[in-house]
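Here are the chains, one letter per residue:
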Amino acid sequence: MALAESWQKAEVPGPLKAMLIPNPEVAASLISRSRNPVIVSGSETPKLEINGKRLIKYVEMLSERFSAPIVATSNTVRAFDEDRWRNVYSLSLAEATAKLSNPDWSVEGKNPPHDTALFIGFKYYTLWLALSNLKHYAEHLKTVSLEKYYQPHAAWSLPNLTDERWMENLEKITQKKEG
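These remarks concern the structure in this document. Residue positions are given per chain, counting from 1 as you read along its sequence in written order. Only residues with pLDDT of at least 70 get local features here, since the model is predicted, and only at 80 or more are side-chain atom pairs given and counted; chain-wide, interface and lining totals rely on the full set of residues. Neither water nor hydrogens contribute to the side-chain values; these are computed over all heavy atoms in the structure.

1. What about the pairing of strand β8 (residues 142-145)?
Reasoning step 1: Two strands make a pair as long as DSSP finds a minimum of two bridges between them. For helices the rule is a DSSP run of H or I covering at least 4 residues; for strands it is a run of E covering at least 2, with both sets numbered from the N terminus onward. Pairing of strand β7 (residues 116-120) with β8 involves 4 bridges; the strand directions are parallel. Along β8, the bridge assignment pairs Thr116 with Lys142.
Reasoning step 2: A clockwise path from the first strand over the helix to the second, with the strands pointing away from the viewer, defines a right-handed crossover. In this fold, the crossover linking β7 to β8 by way of helix α5 (residues 124-137) has right-handed handedness.

2. Observations regarding helix α6 (residues 163-174)
Since the α-helix turns once every 3.6 residues, residues separated by three or four places project in the same direction.
Reasoning step 1: The end-to-end C-alpha separation of α6 is 16 Å, in line with the 16 Å expected for 12 residues at 1.5 Å each.
Reasoning step 2: Burial classes follow relative accessibility: with a 1.4 Å probe on protein chains only, a residue under 20% of its type's maximum area counts as buried, one over 50% as exposed, and anything between as partly exposed. Buried within α6 are the following residues: Trp166, Met167, Asn169, Leu170, Ile173 and Thr174. End-on view of α6: buried residues confined to an arc of 160°, all on one side of the axis.
Reasoning step 3: On its buried face, α6 is in contact with α1 (24-32), β3 (49-50), α2 (55-66) and β7. In this analysis, the expected span of each helix is defined as 1.5 Å times one less than the number of residues it contains. Starting at the helix axis, one direction is taken to each C-beta atom, and the arc is that of these directions. Every residue pair with non-hydrogen atoms within 4.5 Å of one another is taken to be in contact.

3. Examining the sheet that holds strand β2 (residues 37-41)
Reasoning step 1: One open sheet holds the 7 strands; their spatial order is β1-β9-β8-β7-β2-β5-β6, and the pairing between them is parallel. A strand with exactly one partner marks an edge of an open sheet, and here the two such strands are β1 (19-20) and β6 (88-90).
Reasoning step 2: Pairing geometry for β1 and strand β9 (residues 156-157), over 2 bridges, is parallel. Bridge pairing in β9 links Met19 to Trp156.

4. Section: the pattern of salt bridges
Reasoning step 1: We count a salt bridge whenever a side-chain nitrogen from Lys or Arg sits within 4 Å of a carboxyl oxygen from Asp or Glu. Applying the stated rule across the entire model yields 10 salt bridges.
Reasoning step 2: The salt bridge partner of Arg54 is Asp83, with a shortest N-O separation of 3.8 Å. Of this pair, Arg54 sits in strand β4 (residues 53-54) while Asp83 sits in the loop between α3 (76-82) and β6, and the two are 29 residues apart along the sequence.
Reasoning step 3: By relative accessible area, which is 30% here, Arg54 ends up partly exposed.
Reasoning step 4: With a closest N to O distance of 3.2 Å, Arg165 and Glu168 form a salt bridge. Of this pair, Arg165 and Glu168 both sit in helix α6, 3 residues apart, which is roughly one turn of the helix.
Reasoning step 5: The network of salt bridges with common partners includes Arg54, Lys57, Glu60 and Asp83.

5. Looking at α1
Reasoning step 1: The set of residues buried in α1 consists of Pro24, Ala27, Ala28, Leu30 and Ile31. Buried residues of α1, viewed axially, fall in a sector of 160°; they line one side.
Reasoning step 2: Those residues of α1 hidden inside the fold are in contact with β2, α2, β7, β8, β9 and α6.
Reasoning step 3: A distance of 3.1 Å separates the backbone nitrogen of Glu25 from a side-chain oxygen at the start of α1, and that oxygen is part of Asn23. In protein, a polar contact requires one atom able to donate a hydrogen and another able to accept it; more generally it is a pair of N or O atoms within 3.5 Å, and residues adjacent in sequence count only if both atoms are side-chain atoms.

6. Describing unusual backbone geometry
Reasoning step 1: A positive phi is found at Ser74, a non-glycine position, where the angle reads about 55°.
Reasoning step 2: Of note, Ser74 is situated in the loop between β5 (70-72) and α3.
Reasoning step 3: In the Ramachandran plot, Arg84 falls in the positive-phi region, its phi being about 55° despite a non-glycine side chain.
Reasoning step 4: Positionally, Arg84 belongs in the loop between α3 and β6.
Reasoning step 5: Here Arg84 falls in the exposed class, since its relative accessible area comes to 67%.

7. A short note on the nonpolar core
Reasoning step 1: Grouping buried Ala, Val, Leu, Ile, Met, Phe, Trp, Tyr and Cys residues that are joined through side-chain atoms within 4.5 Å yields what is termed a nonpolar core. One finds Ile39, Ile120, Leu146, Trp166 and Leu170 to be the most contacted residues of the largest nonpolar core, which totals 28 residues.
Reasoning step 2: The set of elements that each furnish at least two residues to this core consists of α1, α2, β5, α3, β7 and α6.
Reasoning step 3: Among the elements that line this core, the one with the most residues is α2, at 6 residues.
Reasoning step 4: Apart from residues lying up to four places away in sequence, Trp166 is in contact with Leu48, Ile50, Leu55, Ile120, Leu146, Glu147, Lys148, Leu158 and Leu161.
Reasoning step 5: By size, the runner-up hydrophobic cluster in this structure holds 21 residues, among which are Val40, Leu100, Ala130 and Leu141.

In structure tokens, the structure reads:
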């Protein structure tokens, strides 16, 4: 059962909480309507595996489907290099959060500023803090959490999910639309 409550019970996000993404088609539609989305990939990305499929593959498929650059935090840039994946930029989560707070910033420097940031592959509490910062200091930015657990500080978040449901959601979000 999907819940729209913070996975970490002691954290109180305040009265403004993330909109729940009820199904993966909504997430795909949100991302598709963005002018210049960016994917921020966390330290858990190269480590996590869902039913034999590495999370990093989902991140790469997201990047390909939505033509979004990847900001690799921590050690994740090495995993993308090993996969020979391009369009990856290395920043710490603190740097990425600070730069995303700037309404004129784009990771590539030549495109329009990012209007949507997708977050995936983080430890719950580190992303919770980064999204709290962006919620208060980056009103121009739509934040979407594609994590397994509900993130109340994002603008949009997947609900609390089992591994199987999380994988199903990621599969559907990354599927290219026919026609």
